[in-house]
Amino acid sequence: MTSPGTVPVSLAEIARIAGVGRAAVSNWRRRHDTFPARIGGTDVKPQFALTEVEQWLRDNDKLNEAGGLELLWPRFETLAGRDEAGLAIAYAGHRMRGKRSRAPSRPLSAEARALVAETVELGRREGTTHTFEFLLQRWLDAHVRQISATPARLATLMARIALRTRTAWGQKTSTVFDPACGSGHLLSAAAGQASGGVELYGCEIDSALAELAEARLAFAGDERDVRTRITAVDSLRDDPYPDLRADIALCNPPFNERDWGYEELATDPRWVHGLPPRTEPELAWVQHLLARLRSGGTAVVVLPPAVASRRAGRRIRGSLLRHGVLRAVVALPPGCAQPHSVSLQLWVLRAGDERTGGSGDDALLVDASAHTGPGGRGPDWEAIESLALTSLDGLDGASELPHGAVRVPLLDLLDDEVDVTPGRYVAARPEVRGKESADRWSELGDALASLRELSRSFACLDTARSPAGGRQSSTTVGDLVKAGALSLRPGTQPSESAEVFRDPRERSIPLLTVPDLLLDGVPSAWLAGGEHQTIAEEGDVVVAGVVRAFDAWVHEGPPVALGSQLFALRVDPHKLDAHFLAGCLRAPANGRHAGTHASASSRVDVRRLAVLQLPLEEQTPYSETFRRITSFQRLLARSGSLGTSLSRDLNDRLASGGLTTAG
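In this text, all values refer to a predicted model and were calculated from it rather than measured experimentally. Starting from 1, residues in each chain are numbered consecutively following that chain's sequence as written. The predicted origin of the model limits local features to residues at a pLDDT of at least 70 and limits the giving and counting of side-chain atom pairs to 80 or more, whereas totals for whole chains, interfaces and linings rest on all residues. Side-chain descriptors were evaluated using all non-hydrogen atoms of the structure, hydrogens and water having been removed beforehand.

Enquirer: Can you help me understand the overall build of the protein chain in this one?
Expert: Labels follow the DSSP assignment, with helices taken as runs of H or I lasting at least four residues and strands as runs of E lasting at least two, numbered in each case from the N terminus. Secondary structure summary: the protein chain contains 20 helices and 23 strands in total. With 663 residues in all, the protein chain has 48% of them scored as buried. A separation of at least 24 residues holds for 73% of the contacts in the protein chain among residues at least 6 apart in sequence. Under the convention used here, a 1.4 Å probe and the Shrake-Rupley method define accessible areas, while residue burial counts only the protein chains that appear. For the protein chain, the exposed area adds up to about 31,700 Å²; of that, 49% sits on carbon and sulfur atoms. Each residue is assigned to one of three classes by its accessible area relative to the maximum for its type, calculated with a 1.4 Å probe on protein chains only: buried under 20%, partly exposed between the two thresholds, exposed over 50%. Residues count as neighbours in contact if any of their non-hydrogen atoms are within 4.5 Å of one another.

So, in structure tokens, the structure goes:
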């Protein structure tokens, strides 16, 4: 049995326990001779004994008040595998719930049982729900490459869509079903959004996830009347609820799984709309959901965009439309759920209603794929939810639809392709009219005027004259580092144990990588606070040391972590001007001189980059000119973007007959 004293923890984990940044822990290690000695790992990624770390933090009054759970989590990581840790967390959840909840069916090791007992005791002091949710989230984050959990915002949106649709149709909700429930995100969201008592039914093929889902949903019953039944089973092959008729079904099924039971389920009665092709497992899940809905029940399911247009599934899509089952499709922006690079879709389905026969005259298509946050990264959840719910309110045609949504007649959809991709029917760009259009044309005019002014000033610069004595002497970054004029810190990729998020979280820091620079320059991931040792602060010069992305700039704004082949240079303001340094470094000829030239992915030796040798007072005019060049480049990019957008919008309006001429 592993004792707490032999549990290894990294510098990043120590930082979380103490509630500080990783740099602070590294500083403690250098300054204090009493800091615990390394027991494993390497010099770059050292590991320390948990009990020694805890004692040192207590002795030096550096233990975070909320560090109890942080001290507990590393011990779960030492249990025998993913499932053992997951089941131990589930067991702890059941124990904290008391006699009302059963223990997991699979036995735990003695070490896990002892850890569960400590967790229950800690939960009584810090809150049982908070303790369980903390451990569950840490477990999911630790196994993010193996487990695809539905993000909380997406789960809430799906539950609200389903409940709003049911309410609009004058129906109540008492039963919710998820046939691939994972750790219970969708069922938990439904329980949180429902107004009254609710029964939750779920299936999950992974037994550890099923146990965690049941433990998690048991906590939902503390605030309202919630009854839960979770079964560890492959619900497509061995449906445990053949007689269930739910009011709502929510599902984020596994994608692109060819081994879903095509052969053994060929004659299954659930395939009312046709046998799903082997390559269309998602349509098997869709029909499974419909088979477990009561008449008039609503299903909301996450699907990859190809399901809306793949030729193999057109017959089933056509049947769903003809019978009025597929009521709406909502296209989401990339980043809403795994895989994060794909614009997923929500299909809203309705089981045949005895009163109407399930027929419909059209389908609602909503394109929210453009609703991203600043910089085009991450979903703008408020905008997505507003568009989706407002559009669904107009599903029956009683109200006007917002821009981004359209009701498409079935005759237009039931062609040879039966393509229900929203972007095919909804205008790709919002129509610009009135004051907004005038403001954007005015902004373009101002940008062009500024470009004209800068162009004239650059044309007047005398750059042909050489300094007295010939070419101005220069030095290198390496020499400046040796002279103490600046410090150079290379970025690195996050370690395997680092917590990497696709959306910003509390105490997280954006991670900038070379691929981000090649795309749009906006960080695409976030790290838990203190997980990265190379942080660019405001005023630092950042250099991209790859030929195809070579650049240098002065960082502005909040701190950002730097990935591999990015470098942070911090100047001594008494010797160097940061903007002067960045301007010298980013000269294309400088990058070519310091690059290896082997390929487009070749590295630039940052230490070999040349910098003019000038006294600080003579750097000022260069610095000001370099700043103006940066402004010029930004204005060019903004003008190009504005011009392209406005010209396309104008072309669209003219092509639709929007030109007004004098009579």
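Structure shown, so let's carry the discussion forward.
Enquirer: How should the packing of aromatic side chains be read in this particular structure?
Expert: Two numbers describe a pair of aromatic rings. These are the distance of the centres and the angle of the planes. Any two rings among Phe, Tyr and Trp, with Trp reduced to its six-membered ring, count as a pair given centres within 6.5 Å; such a pair is stacked if its planes are under 30 degrees apart, edge-to-face if over 60, and tilted if neither. Counted under the stated rule, the structure contains 11 aromatic pairs. Centre to centre, the rings of Y201 and Y241 are 5.3 Å apart; their planes meet at 80°, and the pair counts as edge-to-face. Of the two residues, Y201 is situated in strand β5 (residues 198-204) and Y241 in the loop between β6 (226-232) and β7 (246-251); the sequence distance between them amounts to 40 residues. Neither residue differs from the other here; Y201 and Y241 are each classed as buried. Centre to centre, the rings of W260 and Y262 are 6.0 Å apart; their planes meet at 75°, and the pair counts as edge-to-face. In textbook terms, an aromatic cluster arises when at least three aromatic residues are bridged by ring pairs, as seen for W28, F35, F48 and W56. Lying across the ring of F219, R97 places its NZ or CZ 6.0 Å from the centre. Note on geometry: a ring has a charge over it if NZ (lysine) or CZ (arginine) is within 6 Å of the ring centre and within 35 degrees of the ring normal.

Enquirer: I'm lost on the packing of helix α1 (residues 11-18) against helix α2 (residues 22-31) in this one. Help?
Expert: To characterise two packed helices, one gives the angle between the axes of the helices and the distance between these axes. Interaxial distance between α1 and α2 falls to 8 Å at its minimum, and their mutual angle equals 105°. If you check the angle between α1 and α2, you find them roughly perpendicular. Contact residues: α1 offers L11, A12, I14, A15 and A18, while α2 offers R22, V25, S26 and W28. Taken together, the residues that form the contact of α1 with α2 break down as seven nonpolar, one polar and one charged. Note on geometry: axes are lines fitted to C-alpha atoms, helical ones only across the stretch in contact, with angles between N-to-C directions running from 0 to 180 degrees. Put simply, angles under 35 degrees are roughly parallel, angles over 145 are roughly antiparallel, angles from 65 to 115 are roughly perpendicular, and the rest are oblique. Ten residue types, Ala, Val, Leu, Ile, Met, Phe, Trp, Tyr, Cys and Pro, are classed as nonpolar, four, Asp, Glu, Lys and Arg, as charged, and the remainder, Gly among them, as polar.

Enquirer: Explain the nonpolar core to me, please; I cannot follow it from the model alone.
Expert: Most often, soluble globular proteins have nonpolar side chains that are buried together. Within this scheme, the nonpolar core is defined by two criteria: the residues are buried Ala, Val, Leu, Ile, Met, Phe, Trp, Tyr or Cys, and they are joined through side-chain atoms within 4.5 Å. Counting residues in hydrophobic clusters, the biggest one holds 48 residues, and the most contacted among them are I161, L250 and L346. For this core, the leading source of residues is helix α8 (residues 152-168), giving eight residues. Not counting chain neighbours up to four residues away, the residues in contact with L250 comprise M158, A159, A162, V176, F177, D178, P179, L186, A190 and V300.

Enquirer: Please explain the packing of helix α5 (residues 81-97) against helix α7 (residues 128-142) as it appears in this structure.
Expert: For the pair α5 and α7, interaxial distance at closest approach is 10 Å and the crossing angle is 170°. If you check the angle between α5 and α7, you find them roughly antiparallel. Every residue of α7 that contacts α5 at R82, A85, G86, I89, A90, G93 and M96 is listed here: T128, T131, F132, L135, L136 and W139. Along the lines of polarity and charge, the residues of the contact of α5 with α7 split into eight nonpolar, four polar and one charged.

Enquirer: Is there a simple way to think about the environment of L517 in this case?
Expert: Looking at the secondary structure, you find L517 in helix α17 (residues 514-519). Classification of L517 by relative accessible area gives partly exposed; the value is 23%. Taking the C-alpha atoms as reference points, L517 and D551, separated by 34 residues in sequence, lie 9.3 Å from one another. Setting aside its immediate chain neighbours within four residues, L517 contacts L512, A544, W553 and L566.

Enquirer: So what exactly am I meant to see when it comes to the side chain of H579 here?
Expert: Along the chain, H579 falls in helix α18 (residues 578-585). Residues in contact with H579, not counting those within four places in the same chain, are V554, S623, F626 and R627.

Enquirer: Looking at this structure, I do not really get the pairing of strand β10 (residues 345-350). What am I missing?
Expert: It is a general feature of regular strands that their side chains alternate between the two faces of the sheet. With six of its six residues buried, β10 lies for the most part within the structure. The side-chain alternation of β10 yields two buried faces, one formed by Q345, W347 and L349 and the other by L346, V348 and R350. Strand pairing is assigned whenever DSSP detects at least two bridges linking the two strands. Both strand β8 (residues 293-303) and β10 contribute to a ladder of six bridges, which runs antiparallel. Paired with V301 across the strands is W347, a residue of β10.

Enquirer: Can you walk me through α1 in this structure?
Expert: The α-helix advances 3.6 residues per turn, and as a result positions three or four apart in sequence lie on the same side. Across the eight residues of α1, eight count as buried, placing the element largely inside the fold. Listed in full, the buried residues belonging to α1 are L11, A12, E13, I14, A15, R16, I17 and A18. Following α1 by one or two positions, G19 has its phi on the positive side, about 75°.

Enquirer: Where do I start with the side chain of Q619 in this structure?
Expert: Relative to the helices and strands, Q619 is located in helix α20 (residues 616-655). Residue contacts for Q619: discarding those within four places in its chain leaves K575, L576, D577, F580 and L614.

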